[in-house]
Amino acid sequence: MEDLVIEGMTCASCVGRVERALAAVPGVSKASVNLATERASVQTDGNVAREALVQAIRKAGYEVTASVPLELEIEGMTCASCVGRVERALLAVPGVQSASVNLATERATVQGNASPAALVAAIATAGYTARLLDRAVSNEDAQAQRHADELRVLRRDLLLATALTLPVFLLEMGGHLVPAFHHFIASTLGMQNSWLLQFVLTTLVLVFPGRRFYEKGIPALLRAAPDMNSLVAVGTLAAYGFSLVATFVPRLLPAGTVNVYYEAAAVIVTLILLGRVLEAKAKGRTSEAIKRLLKLQAKTARVRRDGSVVELPLERINSGDVIDVRPGERIAVDGEVIDGDSYVDESMISGEPVPVQKTPGSTVVGGTVNQTGTLGVRATAVGGATVLAQIIRLVEQAQSAKLPIQALVDRITLWFVPAVMGLAALTFLVWLLFGPDPALTFGLVNAVAVLIIACPCAMGLATPTSIMVGTGRGAELGVLFRKGEALQLLKEAQVVAVDKTGTLTEGRPLLTDLQLADGFTRDDVLAKVAAVEDRSEHPIARAIVSAAQQDGLQLPTIEAFESVTGYGVRAQVQGVRVEVGADRFMQTLGLDVTAFADVARQLGEEGKSPLYAAIDGKLAAIIAVSDPIKHDTRAAIASLHALGLKVAMITGDNRRTAEAIARQLGIDEVVAEVLPEGKVDAVRRLKAAHGRLAYVGDGINDAPALAAADVGLAIGTGTDVAIEAADVVLMSGSLQGVPNAIALSKATMGNISQNLFWAFAYNTALIPVAAGLLYPFWGVLLSPVFAAGAMALSSVFVLGNALRLKRFQPPQAQA
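Labelled according to an unreviewed UniProt entry, the protein appears under the name P-type Cu(+) transporter, originating from Stenotrophomonas humi. On record in UniProt, under Subcellular location (unreviewed entry), the comment for the protein is "Cell membrane". Checking UniProt for the protein, the heading Sequence similarities (unreviewed entry) contains the comment "Belongs to the cation transport ATPase (P-type) (TC 3.A.3) family. Type IB subfamily."

**Notes on the UniProt feature "transmembrane region" (unreviewed entry) in the protein**
Following the UniProt record, the feature "transmembrane region" (unreviewed entry) maps to residues 158–178, 184–208, 229–248, 260–278, 412–434, 440–463, 756–778 and 784–803 here. Taken as a whole, residues 756–778 contains 87% helix and 0% strand, while its terminal C-alpha atoms sit 30 Å from one another. For the annotated span residues 784–803, helix accounts for 100% and strand for 0% of the residues, and the straight-line distance between the end C-alpha atoms is 29 Å.

**A closer look at the pairing of strand S25 (residues 618–626)**
Of all 9 residues in S25, 8 are buried; the element is thus mostly enclosed. Pairing analysis gives 6 bridges linking strand S20 (residues 510–516) to S25, with the strands arranged antiparallel. Paired with Leu 514 across the strands is Ile 623, a residue of S25. Relative to S25, strand S24 (residues 610–615) runs antiparallel, the two being bridged by 6 bridges. Within S25, the position partnered with Pro 610 by the bridge is Ala 624.

**Things to note about the pattern of salt bridges**
This structure, assessed with the given rule, holds 25 salt bridges. Of the charged contacts, one joins Arg 692 and Glu 492 as a salt bridge, the two residues approaching to 2.7 Å between their closest N and O atoms. Of this pair, Arg 692 sits in the loop between helix H25 (676–690) and strand S28 (693–697) while Glu 492 sits in the loop between helix H17 (484–489) and strand S19 (495–499), and the two are 200 residues apart along the sequence. According to the relative accessible area criterion, Arg 692 is partly exposed, its value standing at 32%. The residue Lys 528 makes a salt bridge to Asp 524 at a minimum N-O spacing of 2.6 Å. Of this pair, Lys 528 and Asp 524 both sit in helix H19 (residues 522–533), separated by 4 residues, roughly a single helical turn. When its relative accessible area of 8% is taken as the criterion, Lys 528 is described as buried. Residue Asp 524 is classed as partly exposed on the basis of its relative accessible area of 32%.

**A word on the packing of aromatic side chains**
A full pass over the atoms with the stated rule returns 11 aromatic pairs. When the ring of Tyr 240 is compared with that of Tyr 262, the centres are 6.1 Å apart and the planes differ by 65 degrees; the resulting orientation is edge-to-face. In this pair, Tyr 240 sits in helix H9 (residues 228–248) while Tyr 262 sits in helix H10 (residues 262–286), placing the two residues 22 residues apart along the sequence. With relative accessibility at 13%, the residue Tyr 240 sits in the buried group. Arranged with centres 5.4 Å apart and planes meeting at 50 degrees, the rings of Phe 442 and Tyr 775 form a pair that is tilted. One end of the pair, Phe 442, is in helix H15 (residues 439–453); the other, Tyr 775, is in helix H28 (residues 775–778), and 333 residues separate them in sequence. Tyr 775 sits in the partly exposed class, given a relative accessible area of 27%.

**Overview of the packing of helix H7 (residues 191–207) against H9**
It is at 10 Å that the axes of H7 and H9 come closest, and there the two elements cross at 150 degrees. Classed by the angle they form, the pair H7 and H9 counts as roughly antiparallel. Along this stretch, H7 crosses H9, giving a crossing that reads as left-handed. Across the interface between the two elements, Gln 192, Trp 195, Leu 196, Phe 199, Thr 202, Thr 203 and Leu 206 of H7 pack against Tyr 240, Leu 244, Ala 246, Thr 247 and Phe 248 of H9.

**Some remarks on the side chain of Arg 302**
Relative to the helices and strands, Arg 302 is located in strand S9 (residues 300–305). Since its relative accessible area comes to 13%, Arg 302 is described here as buried. Looking at Arg 302, its side chain comes within polar contact range of the side chain of Glu 329, at 2.3 Å. In contact with Arg 302, other than residues within four places in its own chain, are Val 309, Val 310, Glu 311, Val 322, Ile 323, Asp 324, Arg 326 and Glu 329.

**Thoughts on the sheet that holds S24**
Taken in spatial order, the 6 strands line up as S20-S25-S24-S23-S22-S21 in an open sheet, and their pairing is antiparallel. Only two strands of the sheet have a single neighbouring strand rather than two, namely S20 and strand S21 (558–564). Going across the sheet, the axis of each strand differs from the next one's by a mean of 20 degrees, ignoring polarity. Sheet topology note: the strand S22 (residues 568–573)/strand S23 (residues 576–581) ladder contains 6 bridges and is antiparallel. Residue pairing across strands places Arg 570 opposite Glu 579, the latter belonging to S23.

**Here's the deal with the pairing of strand S10 (residues 308–313)**
With 6 bridges connecting them, S9 and S10 associate as antiparallel partners. Bridge assignment links Val 303 to a residue of S10, and that residue is Val 310. Connecting the antiparallel pair S9 and S10 is a turn made up of 2 residues, with Asp 306 showing a positive phi of about 55 degrees.

**Some details on the environment of Gly 581**
Relative to the helices and strands, Gly 581 is located in strand S23. Sequence separation between Gly 581 and Ser 563 is 18 residues; the distance between their C-alpha atoms is 10.0 Å. If near-sequence neighbours (up to four positions away) are discounted, Gly 581 is found in contact with Tyr 567, Gly 568, Met 586, Leu 611 and Tyr 612.

**Structural notes on the confidence of the model for the protein**
Predicted confidence across the protein gives a mean pLDDT of 83, with 89% of residues reaching 70 or more. Here residues 718–722 is a poorly scored stretch, pLDDT under 50, and it has 15 contacts once near neighbours within four places are set aside; other chains count.

**A word on the sheet that holds S19**
In space, the 7 strands of this open sheet follow the order S18-S30-S29-S28-S19-S26-S27, with mixed pairing throughout. Strands at the two margins of the open sheet, each flanked by one partner only, are strand S18 (479–481) and strand S27 (669–671). Taken pair by pair, the neighbouring strands of this sheet meet at an average axis angle of 20 degrees, ignoring direction. One ladder, built from 3 bridges, connects strand S29 (residues 711–715) with strand S30 (residues 728–730); its direction is parallel. Note that in S30 the partner of Ala 714 across the bridge is Val 729. Relative to S27, helix H24 (residues 655–665) is tilted by about 155 degrees, and along the sheet it contacts strand S26 (646–650) and S27. Strands in contact with helix H27 (residues 737–771) are S18, S19, S28, S29 and S30; relative to S18, the strand with the most contacts, it is inclined by about 50 degrees.

**Some words on the environment of Thr 372**
Here Thr 372 is to be found in the loop between strand S16 (369–370) and strand S17 (375–381). Between the alpha carbons of Thr 372 and Ser 342 there is a distance of 5.4 Å; along the sequence they are 30 residues apart. Setting aside anything within four residues of it in sequence, one finds Thr 372 in contact with Pro 327, Ser 342 and Tyr 343. A polar contact of 3.4 Å, which involves the side chain of Thr 372, links it to the backbone nitrogen of Tyr 343.

**Some remarks on a nonpolar patch on the surface**
Taken together, the side chains of Leu 423, Leu 426, Leu 429, Val 430, Leu 432, Leu 433 and Phe 434 make up a nonpolar region of the molecular surface, amounting to roughly 690 Å² of accessible area. Summarising the element assignment, Leu 432 is placed in helix H14 (residues 404–434).

**Considerations on the environment of Gly 367**
Within the secondary structure, Gly 367 sits in the loop between strand S15 (363–364) and S16. Along the sequence, Gly 367 and Ala 389 sit 22 residues apart, while their C-alpha atoms lie 9.6 Å from each other.

**Topic: unusual backbone geometry**
Following Asp 437, the chain continues to Pro 438 via a peptide bond in cis, the omega torsion being -10 degrees. With respect to the helices and strands, Pro 438 occurs in the loop between H14 and H15. Its identity as a non-glycine residue notwithstanding, Asp 306 has a phi of 55 degrees, on the positive side. Position of Asp 306 among the secondary structure elements: in the loop between S9 and S10. Note on Asp 306: relative accessible area 83%, which makes it exposed. Within the chain, Gln 574 stands out as a residue other than glycine whose phi angle is a positive 50 degrees.

The rules behind each value
Residues numbered from 1 in each chain as written. Predicted model: local features only at pLDDT ≥ 70, side-chain atom pairs only at ≥ 80, totals over all residues. Heavy atoms only, no water. UniProt positions renumbered as here; feature names shortened; annotations may be inferred. Helix = DSSP H or I, 4+ residues; strand = E, 2+ residues; numbered from the N terminus. Buried < 20%, exposed > 50% of the residue type's maximum accessible area, 1.4 Å probe, protein only. Pairing = 2+ DSSP bridges. Salt bridge = Lys/Arg side-chain N within 4 Å of Asp/Glu carboxyl O. Phe/Tyr/Trp six-rings, centres within 6.5 Å; stacked < 30°, edge-to-face > 60°. Axes fitted to C-alpha atoms, helices over the stretch in contact; angles between N-to-C directions. Parallel < 35°, antiparallel > 145°, perpendicular 65-115°, else oblique. Left-handed = near helix turned anticlockwise from the far one by under 90°. Contact = heavy atoms within 4.5 Å. Polar contact = N/O pair within 3.5 Å; in protein donor to acceptor, adjacent residues only side chain to side chain. pLDDT = per-residue confidence, 0-100. Patch = residues over 30% accessible without salt bridge, like charges linked within 9 Å, V, L, I, M, F, W, Y side chains within 5 Å. Areas by Shrake-Rupley, 256 points an atom, 1.4 Å probe, with all protein chains shown as cover.

Structure below.
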């Protein structure tokens, strides 16, 4: 069964046209097209290529859109050249639009219409093993088990290789380093017997622990697509083959060149296995963020079914089921509370440590922890549709992302291995033709050293490991990178533009000021004013009523309510007249508001519009309602300034209010009184004036501006994780997430730069040394054994450096 998404159908005749086109493809037994869902389901005999169906639809005049990206798990990749090879194999499959392969996560993301079977087959042809990643099932446990098995096998082989290599190393290198030991071996064992023993032990090393290098490397070499395994295979076989000739048919070698290098072949395999073990351990640690998120998922839940409560695994829970949640338990699904009263710890979503009260009608998020009471929750989202599942998916996408800088690395490493093999061959020829006696020996040793030192493992791991650790640390801090490019671009931001409502402010009007005239009490005035305003649906009126309710005040009944257009409202409350409105309303009533002149001036400077209340013909209070600034906004903007960034505010609010808020917060530039479409123009102007721009908004009204910015950051609660317009999602409502995200971007890109410098500079600098460039001047040669150790060390260094990001601390909020 093939499922295709079709664009361009407008009526029933389109459906018939597409069905006929599909039915005409040889091998198609049935085609069913649905106009409402714009999908075609095609039954075939199993021998029909997906691309043939796509071409048939296109010939009928319609377009097939790319399906949901397929993800594949790949086994057998060891270096950056493997990544390039797998990507080229995938891109060659008909119907593939794009393919991105990540060495650290061992996954490929493929966009297009190619069938999974064709993709798996293409990867197999390239010499690797692949399987489709099923998003309906958590693959993390299986992948963790596979990594554990791989590490166990590597450790076993390393121990075996070490046990077999140690005698070889002592017999050969001990004789070179300690003349007395050399004479002891010659007089007891004999040099020929020593070589025979080394031959046996080295053969065992290469045939058993080292077999993996030849099983992968030789076929890759025969396909003219050499990888890191090919370098190890050629290098060790060259040393081993030369030693075989020296041991069994020495007459074939020129005089003075008869020597063995068994220890080089054995030690190289052992050291590279050591590097693989250390890599496997470190790579396991890079995905700990995903593991921690997965631990937040409940495995089972108690579901009300047929009058009883049964415990079911998560995959058997359906939307609409009612779940009982006891105190201390994790909530299994996203849902709505239908009965019970409790407090829920939502810190994993909001970052706020204070539990949130939940009563009937409240929404809850799967993975959060019920605290005190028992809740009945009707499931509204289960499985992959929950907020937590979306978070995990976003983190995985970010960790699998390929930054623009990685494309350059991939292009270089794709040709790096063939270039190294060419350099090794050139090294051998130069030493053979121009080197001192024994030239053949010098040529062989230096060519092997070049092959081993240049293995590009560190290059392939330099970028993806930093991305994995950095984005994982970001998830722990509530910063989710939806797009990999954002991780690189955010570092380059020069200006941060922020929306006002809901970003700098709470996003809802609140009663912020209530100053009383002499002879009046707060509760009495607030209750009477709220009773009058309760008849109005205006946001300011709602804020006053809400404030009275939060104070626990009972609103008295009113009579003769009247709205005075352009001035305010009035009514009879408990036998007295209550009037609420602007200063001009008070003036029409003959009331002097100069007693509140200083307060009114201060409110104006803060961007607030004052209202006045009169009770029984006397001026009673001045009131201000505004959208209050979030408690941590000022500190977050100070943190952005500390990072060297300019901050601009873009808002549809009036200029006076906007500039008043900007003064309070230290904002550098204000763009006020703009409509949503005007925000895009403002973003473009700011980009032209300052450079790269990050825009921070709520992800809904600000979608055009988020998309127009170099990096869009959606700020909000966990329900905003699926905002498509944003590149980065900030899980909490705190603006402090913005400097956290930018600082993390700087730290991650700095880490990547360090890794790439170490990998490239290390390989580039040591290849000439391995080739023997220093020998004519100082007599220095790099032994293949030390080359193998150094190569393994470079990969371990890169991984260790990336893991430092786990300790990243966000910038301290500036008071």
